[in-house]
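# Coordinate analysis (summary)
Take a look at the letters that make up each chain.
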Amino acid sequence: MGSSSSSYAPKTIYLDVDGKVQKVAFSRHCSPCDIKELLCSSSNIPRNTAIMMVDPEGALVSIDPTMPTNSPNSLYKVISLSTGQLGEKEDMFQNLLSQVAEQFSRAFRINELKTEVTNRLAMLEKRVELEGLKVVEIEKCKNDLKKLRDEMTSRGGGRVGNCPCKYNFSDDGKKLNPRRDVPSYPKYTLSQETIEALKKPTFDVWHWEHNEMLSCLEYMYHDLGLVKEFNMNPITLKRWLLGIQENYRSNPFHNFRHCFCVSQMMYGMINLCNLPEKMTLTDMGILMTAAVCHDLDHPGYNNTYQINARTELAVRYNDISPLENHHCAVAFQILSLPECNIFANVELEAYKQIRQAIITLILATDMARHGEILDSFKHKVDSFDFTNEEHVTCLKMVLIKCCDISNEVRPTEVAEPWVDCLLEEYFMQSDREKTEGLPVAPFMDRDKVTKPTAQIGFIKFVLIPMFETVMKLFPQIEEIMVQPLRDSRDHYEELKQIDDAMTEAQKKKTENMSLGGKKK
């Protein structure tokens, strides 16, 4: 370890004592007991009094050498617990935590070990505080602490390497774990009208804030029976959804609202096609989780740009679906965090199968594989067998593809703003490609593409053929999903005719003006 003098510099915090600012400095090597005595003295509280410290928002601050520093503008407050706020069991638990922390502080001086101990203790405290552990469960926490102490002792003070969950795949340095504590987004009680609307492709995704979308996603997992099927801790489900939301970037198109849009369409198709009657609950969990994770940390520039620009992602994944591979990696990096692992209670072999299935579906969203996947499904659909694993896997790949590019299935007032968002993202990429001297796709060039030209070919040659193939297996989707696509095609063809007529009229006007000028 290094011997920099900074490791001996005193730590300073600021307290609110009777409305006045009190500065407190202590050595980074003080024990928690010494720090508590110092805080009692600074706050005019008798020594050996049980205390706790809170930040301006009322959140508990751990009293140990690793506590976060603050400023005179964000004062901590020391509160005496001697008046009986803590019950006997809780007091005993706090004393135990203090003793263990003091022992670790004396036994280890390696910064990495201190950090790991603090994080593990904080996690146990959150379990008590947030998940409402009963008195009888405190005994289990004691056992966890004992195991932790034994584990640290067995390491014999060896250097602790970086935890795998700290690896960061995000180009902009975002953390994979949620920044907000749980539960931090309000619990919305969905109306019956909203519950029914969620099951339909006509759902308007523009009227919802992020917290409301999180609550809707949470409801879907409960409603489909996935929480029960996978024995998910409801608090872990909340943490996972927060982690997901915070790892979608603020792109014009590939953002968290797009994630919600795709996930809601998947939930709608599951209901419309009565999939729970034909497939397993595990299949439902795979479909929903792949939809939620399918564009995680999308940078706003597609695979073509990644490959042509030779970006880090393209190099890492050998030009093979770099974005989709990245989305998978980030998805399972989030799931590797214990506090976000919704599959923590699934047996190892079952988890391996779930993981592989989710990866398969997310990789299927690469449009470069569209023809290959659709052709495979066309060969199976006429004799489709729901007991055939290969058939079911192919169907799931087609379903997530349908949901990923399903905006035109929705009403025009819901679908059309998505076209504007997509074109904005396309134009950002093409502008950058021009600046960097890279090839520019015509359908992304702001000087060549219009909304009608962008949509007509995509709807006619990609969307309608795929949805009509799915319709062979699920005829009930024709009225509510396939017909809107045909209407959308007709709508954009009419717009193109108007655009062409206006262009022709402008061309003739320009020619006439030119001829008039020559006569003069």
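Identification of the chain as Phosphodiesterase from Oncorhynchus kisutch is taken from an unreviewed UniProt entry. Its UniProt record gives the chain the following Sequence similarities (unreviewed entry) comment, quoted word for word: "Belongs to the cyclic nucleotide phosphodiesterase family. PDE9 subfamily." Recorded in UniProt for the chain, the comment headed Catalytic activity (unreviewed entry) runs: "3',5'-cyclic GMP + H2O = GMP + H(+)".

## With respect to the overall build of the chain
Scanning the chain from terminus to terminus reveals 19 helices and five strands. Looking at the 520 residues of the chain, the share that counts as buried comes to 46%. By element, 51% of the accessible surface of the chain is carried by carbon and sulfur atoms, the whole surface being about 26500 Å².

## Overview of the nonpolar core
By size, the foremost hydrophobic cluster in this structure holds 106 residues, and its most contacted members are Tyr221, Trp240, Phe343 and Phe467. Setting aside its immediate chain neighbours within four residues, Phe343 contacts Phe230, Met232, Thr289, Leu335, Tyr351, Ile354 and Ile358. Residues Val17, Val24, Ile45 and Ile51 belong to the second largest nonpolar core, which totals 16 residues.

## Here we look at the UniProt feature "binding site: AMP" (unreviewed entry) in the chain
UniProt marks His254, Asn255, Phe256, Arg257, His258, Asp295, Asp404 and Gln455 with the feature "binding site: AMP" (unreviewed entry), using the numbering shown here. Assignment of secondary structure puts Asn255 in the loop between helix H8 (234-245) and helix H9 (256-272). Among the residues examined, Asn255 registers a relative accessible area of 13% and is labelled buried. In this structure Asn255 touches Tyr248, Arg249 and Trp418, once residues within four positions along its chain are discounted. Mapped onto the fold, Asp295 is located in the loop between helix H10 (281-293) and helix H11 (303-308). The exposure class of Asp295 is buried, given its relative accessible area of 6%.

## Structural notes on the UniProt feature "binding site: Zn(2+) 1" (unreviewed entry) in the chain
As recorded in UniProt, the sites labelled "binding site: Zn(2+) 1" (unreviewed entry) are His258, His294, Asp295 and Asp404. Despite a sequence span of 147 residues, these residues sit close together in the fold, their greatest C-alpha distance being 10.0 Å. In this structure His258 comes out as buried when scored by relative accessible area, which is 1%. Leave out the neighbours within four places in its chain, and His258 touches Phe253, His294, Asp295, Asp404 and Trp418.

## Points about the packing of aromatic side chains
Across all of its chains, the model carries 13 aromatic pairs by this definition. A centroid spacing of 6.4 Å and a plane angle of 55° characterise the contact between Phe343 and Tyr351, whose relative ring orientation is tilted. Neither Phe343 nor Tyr351 differs from the other in exposure class; each is buried. Aromatic rings pair up to connect Phe377, Phe384, Phe386 and Phe474 into one cluster.

## Concerning the sheet that holds strand E3 (residues 51-54)
In space, the three strands of this open sheet follow the order E4-E3-E5, with antiparallel pairing throughout. In this open sheet, the two strands that pair with only one neighbour each are strand E4 (60-61) and strand E5 (77-80).

## Structural notes on helix H17 (residues 412-436)
In an α-helix, one full turn covers 3.6 residues, which means residues spaced three or four apart are oriented alike. Counted at 1.5 Å a residue, the expected span for H17 with its 25 residues is 36 Å, and the 36 Å between its end C-alpha atoms agrees. Immediately downstream of H17, the backbone of Gly437 shows phi near 70°, a positive value.

## Regarding the pattern of salt bridges
Counting across every chain of the model gives 18 salt bridges. Taking the shortest distance from any N to any O, the salt bridge between Glu416 and Lys451 comes out at 3.0 Å. Of this pair, Glu416 sits in helix H17 while Lys451 is found in helix H18 (residues 451-473), placing the two residues 35 residues apart along the sequence. For Lys451, a relative accessible area of 22% puts it in the partly exposed group. Notably, a salt bridge pairs Asp447 with Lys434, separated by 3.2 Å at the nearest N-O pair. Taken together, the positions of Asp447 in the loop between H17 and H18 and Lys434 in helix H17 put the pair 13 residues apart, joining distant regions of the chain. One continuous salt-bridge network, built from bridges that share partners, spans Glu416, Asp420 and Lys451.

## Details of the confidence of the model for the chain
Overall, the predicted model of the chain reaches an average pLDDT of 85, with 78% of residues at or above 70. This stretch, residues 132-136, has a pLDDT under 50; its non-local contacts, to residues over four places away or in other chains, come to six contacts. Here residues 156-174 is modelled with pLDDT under 50, and outside its nearest four sequence neighbours on either side it reaches 43 contacts, counting other chains as well.

## Some words on the side chain of Asp404
In this structure, Asp404 sits in helix H16 (residues 389-404). Within the buried set, Asp404 has no salt-bridge partner at all; the shortest N-O distance to an opposite charge, 7.1 Å, is to Lys401. Among the polar contacts listed, one links the side chain of Asp404 to the side chain of His294, at a separation of 3.0 Å. If we skip the residues at most four places from it in the chain, Asp404 touches His258, Val262, His294, Asp295 and Thr365.

## Things to note about the side chain of Lys401
Within the secondary structure, Lys401 sits in helix H16. Excluding residues that lie within four positions of it along the chain, Lys401 makes contacts with Ala364, Met367, His370, Ile373 and Met466.

## Topic: unusual backbone geometry
With a phi close to 50°, Asn274 is a non-glycine residue in the positive phi region. Here Asn274 is to be found in the loop between H9 and H10. Positive phi is not limited to glycine here, since Asp297 has a value of about 55°. Mapped onto the secondary structure, Asp297 falls in the loop between H10 and H11. The class for Asp297 is buried, based on a relative accessible area of 0%.

How each quantity is defined
- Residues numbered from 1 in each chain as written.
- Predicted model: local features only at pLDDT ≥ 70, side-chain atom pairs only at ≥ 80, totals over all residues.
- Heavy atoms only, no water.
- UniProt positions renumbered as here; feature names shortened; annotations may be inferred.
- Helix = DSSP H or I, 4+ residues; strand = E, 2+ residues; numbered from the N terminus.
- Buried < 20%, exposed > 50% of the residue type's maximum accessible area, 1.4 Å probe, protein only.
- Areas by Shrake-Rupley, 256 points an atom, 1.4 Å probe, with all protein chains shown as cover.
- Core = buried A, V, L, I, M, F, W, Y, C linked by side-chain atoms within 4.5 Å.
- Contact = heavy atoms within 4.5 Å.
- Phe/Tyr/Trp six-rings, centres within 6.5 Å; stacked < 30°, edge-to-face > 60°.
- Pairing = 2+ DSSP bridges.
- Expected span 1.5 Å × (residues − 1).
- Salt bridge = Lys/Arg side-chain N within 4 Å of Asp/Glu carboxyl O.
- pLDDT = per-residue confidence, 0-100.
- Lys, Arg positive; Asp, Glu negative; His and termini not counted.
- Polar contact = N/O pair within 3.5 Å; in protein donor to acceptor, adjacent residues only side chain to side chain.

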